[in-house]
Every structure is written in structure tokens, then in C-alpha cells.
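Listed here are the chains, written in short residue letters.
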Amino acid sequence: MKFDPSAFVQALQQQDRICDIKVCGICLGDRFDDLIKVDLTEQEVKMGAWFRIYSGIRFYGAIVEEVKRITGIFLPAKSFEVLPTPILDTIELHHGEAYFVEQRNGSTYFHYPAHQTILSPQSGKDGPCMLYIGEGGPKLPLYTAYSFLEVFVDFIISLNNAWEVKVKPDPGSLPYYYQQRLLAFLRAFDLGEEINADLLQYKFLLNRSPEDGIVIDGFIVELIEGMEDKEMAQRLKLLRVRTPRTKSHHTIQQIFGSLLSFYIRYKRFLPTSYFGYEGPSYTVEFASYYTREVYSSIKQEAVEKIRSILAFIIDPQQRTFDKKQMIEQFGYPDVDLEQMAREEEVY
């Protein structure tokens, strides 16, 4: 099972897709335990994903349709050091430019989604590259209403109950990019163009099309029908009948606002690990123990149900956009937000 970089380059010229190339005789989809003779622990099987290393190369596995299969391969940069031409240049020559080049957490990723492949140079495009095939590595970010919900809630929490954006941040600053990210989500999900009115005051829900209103109302009715508490379900049905149909958008707005208020309080309450510069604190640890006790008693399934309701109301069409689409079509900031945030925390 020795990796031959020259043979890999030759395969690049012959295979239509990078993910179909064998690495040390192993390809995506092969049976994991037929090729790599290891005993998986019960915990590994329960987690559903695992990996084994051979000469620095990682082979990832998971249960696919009840069969343990290879789902990902990672090749370190040193695997290609002997090649006269950088592996990224070779891939670009035979398979074209990357679908998307992303900066994230201080690293650069060249995404080839059609090939289930990502390359990450260690030091500049002409330097050695790490190569990820299939699962197990960084993925092309995808954004849904759930993504927007978390960004939105974090933004509201940062306002400290102000519920209004009063100061326009300096262009190029982290707050500026955070607002640009919010505006990109507004455009992507047809929620308006203005943070204060359209978003923070939920005006976007009043501007929804009649068709979206019908879909959302039907979704809420299904939730009521599926309630375990049949007495409450019957009560809600009666109350709904008494609600004027002309106020359906306002009703949805009120439901959204009530559930969002709870979810914001929940996220504010989430326990955090805090240690001062002088090490663990007796007082903080004592208090944290009891707050974690309360948190662990919260029914997480109910919280997830609230998230799903909020996400559906935000986007009943349940659309998904990748990061390239968000940048090019909706103005999502093409900067390394994670790295900027980390540097700001340090300084």
C-alpha cells in the first residue's frame, strides 16, 4: 500500500473525475473492512464515522446502506513533494479551474464539487497542497434558512436588547462585514433590503406573497394536527377559526416573534467554558455547574422543533445556496470572517 504520486498524476489525465482515482489501491465506495483490516470499537461504529492512517494518508469510513465503506481520503502535502509540477497546476491543466476559491480560518481552499475534491495549499498556490477526496475534510459551505437564523440571532444578541442598528460601522471592519452578511441573507431569501425595518421589526413577514402565506399556514396547521397534547390541539383549532383570515400574515408574524424571543433567550443561556488568565475560577466553576444542570434538563427535541418552525417561516421554499452563489449573487462578504474574528479576539 505505497502511494505513487506519478501514477496519481497519470490517473488525473485518464479519469474524468478525481474522486474515481484509486489511492494505494483504494477508491471511494470500496468496502472499508475488506481493504483495511482493523477492528472498530463499538463507539466508533455508533459515531458513524472513523478513519485510519497509512503513511500519513487518511482513509475515512462510515456505514453506507448498512455496509462499512470508504467515504473519504486525505493526502498530505508531502505526498506530492517529489512531483516537478505542483499538483494544483496539474489538476487545473486537466480538469479546469476550481469552482470556487475560498479563504477560511486563515487557509485557502480550491473547491471542485463535481470531483468531490478540495485542495488546500500550505504556502501559496505554487506550494505543496493537501488534497481531500470525498468526506472527512472541509466542505464547500452551504447556506439555508437555518444558517441565516443562527447569524440573525447572534446579531440580535450582540445588540444587547437594543433591537435597532443605530451606528453605521466603518467599511472593512468586522461589524461592517457582519451587517453585509445579514443583508446578503435578506436578498437570498427575499426578506427585504433594510436591517432595521425588514428584519428587526419582522416587516418581511408582512410583505410575503399570498402563496407563501398559504404554505406557512398549512405548515402550522400540520404541526397542530400532529401535537401529542390533543386537548391543546383542539383549543388551537378553535382559536384559529376565530382568527380573521385577513390577518394571517400578522398571525404568522406574531408566532415568529414569540418563538424567536424564546430562542434568543435560550441561546443567551447556553453554557460557555470560561477560564480567566489565572486559570480555573472557583466561583465561575461553581456557578457553571448549576447552570449546566439547568441546561441539561431542557428538552433539546423541543428546541430543534422551534428552530425548524422559525427556519420554515423564514424560507418556506427551503432553498440552499453555496458560498460562491452567496458572494456572486447576493453580496455575501468575500473575506475570511473567521480569521478576522479570531484576530480581533486576540488583540
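About the cut-offs
- Residues numbered from 1 in each chain as written.
- Predicted model: local features only at pLDDT ≥ 70, side-chain atom pairs only at ≥ 80, totals over all residues.
- Heavy atoms only, no water.
- Helix = DSSP H or I, 4+ residues; strand = E, 2+ residues; numbered from the N terminus.
- Expected span 1.5 Å × (residues − 1).
- Polar contact = N/O pair within 3.5 Å; in protein donor to acceptor, adjacent residues only side chain to side chain.
- Phe/Tyr/Trp six-rings, centres within 6.5 Å; stacked < 30°, edge-to-face > 60°.
- Lys NZ or Arg CZ within 6 Å of the ring centre and 35° of its normal.
- Buried < 20%, exposed > 50% of the residue type's maximum accessible area, 1.4 Å probe, protein only.
- Salt bridge = Lys/Arg side-chain N within 4 Å of Asp/Glu carboxyl O.
- Arc of directions from axis to C-beta.
- Contact = heavy atoms within 4.5 Å.

Asker: I tried to follow helix α10 (residues 230–242) on my own but got confused; where do I start?
Answerer: An α-helix turns once per 3.6 residues; consequently, residues spaced three or four apart project the same way. Counted at 1.5 Å a residue, the expected span for α10 with its 13 residues is 18 Å, and the 19 Å between its end C-alpha atoms agrees. The distance from a side-chain oxygen at the start of α10 to the backbone nitrogen of glutamate 231 is 3.3 Å, and the residue carrying that oxygen is aspartate 229.

Asker: Where do I start with the packing of aromatic side chains in this structure?
Answerer: Each aromatic ring pair is summarised here by two numbers: the centre-to-centre distance and the angle between the ring planes. Under the criterion given, the structure shown has 20 aromatic pairs. An aromatic cluster of at least three residues, connected via ring pairs, comprises Tyr143, Phe148, Phe152, Phe185, Phe189, Phe321, Phe330 and Tyr332. Its guanidinium or amino end placed over the ring of tyrosine 99, lysine 324 lies 5.3 Å from that ring's centre, counting from NZ or CZ.

Asker: Help me understand the side chain of histidine 111, please; the structure alone is not making it clear to me.
Answerer: Its place among the elements puts histidine 111 in strand β5 (residues 107–112). The class of histidine 111 is buried, set by a relative accessible area of 1%. Polar contacts involving the side chain of histidine 111 include one to the side chain of glutamate 102, which spans 2.8 Å.

Asker: For this particular structure, what's the right way to read the pattern of salt bridges?
Answerer: Two side chains carrying opposite charge are able to pair once their charged atoms lie near each other. Applying the stated criterion across every chain yields a total of 15 salt bridges. In this structure, lysine 22 and aspartate 30 form a salt bridge, with 3.7 Å as the shortest nitrogen-oxygen distance. The residue glutamate 193 makes a salt bridge to arginine 187 at a minimum N-O spacing of 3.5 Å. Here arginine 187 falls in the partly exposed class, since its relative accessible area comes to 28%. Three or more residues are tied together by salt bridges with common partners; here these are Glu150, Asp154, Lys267, Glu304 and Arg307.

Asker: How do you make sense of the environment of methionine 340 when you look at a structure like this?
Answerer: Position of methionine 340 relative to the elements: it lies in helix α15 (residues 337–346). On a C-alpha basis, the gap between methionine 340 and phenylalanine 286 in space is 33 Å, while along the polypeptide they are 54 residues apart.

Asker: Just to check I follow, could you spell out helix α1 (residues 5–14) for this structure?
Answerer: Restricting attention to buried positions, one finds in α1 the residues Pro5, Phe8, Val9, Ala11 and Leu12. An end-on view of α1 places all buried positions within 160 degrees of arc, on one side of the element. Next to the buried residues of α1 lie α4 (87–95) and β7 (129–134). The opening residue of α1 is aspartate 4, an N-cap whose side-chain oxygen sits 3.1 Å from the backbone nitrogen of serine 6.

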